[in-house]
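# Fold and contact review
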Amino acid sequence: MIVFDLRCGQGHAFEEWFASRADYDAKAAAAAIACPTCGDVHVTRALSAPRINSGATAPAPVGPCGLPACAGGACQAALPQ
Ligand SMILES: [Zn+2]
């Protein structure tokens, strides 16, 4: 599965899941994708990169020491060498 950020002709942004890029292309060509807000079928892909649903969650941001708690910048594990 793949999700695309889409935008309708009225400017509403929404996400839609597709089996593949080709699935999106086919549905877009057939005007089979409708905006959930206004029903507009003039839908285009937004510029953001698609995300692949690999079944894994996105990794948490980590600090320089590799601990997620340090992602904010102040490393909690800065021990004397
Ligand atoms: Zn819309």
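Please read all numbers here as calculations on a predicted model, not as lab measurements. (Residues numbered from 1 in each chain as written. Predicted model: local features only at pLDDT ≥ 70, side-chain atom pairs only at ≥ 80, totals over all residues.)

## Structural notes on the overall build of the protein chain
Broken down by element type, the protein chain carries 1 helix and 4 strands. Going from N to C terminus, the protein chain has its helices and strands arranged as β-β-α-β-β. Burial analysis of the protein chain (81 residues in total) assigns 7% to the buried set. Residue pairs in contact within the protein chain that sit at least 24 positions apart in sequence constitute 40% of those at least 6 positions apart. (Helix = DSSP H or I, 4+ residues; strand = E, 2+ residues; numbered from the N terminus. Buried ≥ 20, exposed ≤ 12 C-beta atoms within 10 Å, placed from the backbone. Contact = placed C-beta atoms within 7 Å.)

## Section: the pairing of strand E2 (residues 13–18)
With 0 of 6 residues buried, E2 is to be regarded as a mostly surface element. Inspection of the sheet shows strand E1 (residues 2–7) paired to E2 by 6 bridges, in the antiparallel sense. Bridging from a neighbouring strand, leucine 6 pairs with phenylalanine 14 of E2. Counting the residues in the hairpin turn of E1 and E2 gives 5 residues, including glycine 11, whose phi is positive at 95°. (Pairing = 2+ DSSP bridges.)

## Section: the environment of lysine 27
Positionally, lysine 27 belongs in helix H1 (residues 21–29). Since 16 C-beta atoms lie within 10 Å of it, lysine 27 is described here as partly exposed. If sequence neighbours within four positions are ignored, lysine 27 has contacts with Phe18, Ala32 and Ile33.

## Here's the deal with the environment of isoleucine 2
Tracing the sequence through the fold places isoleucine 2 in strand E1. The class for isoleucine 2 is partly exposed, based on 15 C-beta atoms found within 10 Å. In this structure the C-alpha to C-alpha distance between isoleucine 2 and tyrosine 24, which are 22 residues apart in sequence, comes to 9.1 Å.

## Focus on the pairing of E1
Relative to strand E3 (residues 44–45), E1 is paired through 2 bridges, and the arrangement is antiparallel. Looking at the pairing, leucine 6 lines up with arginine 45 of E3.

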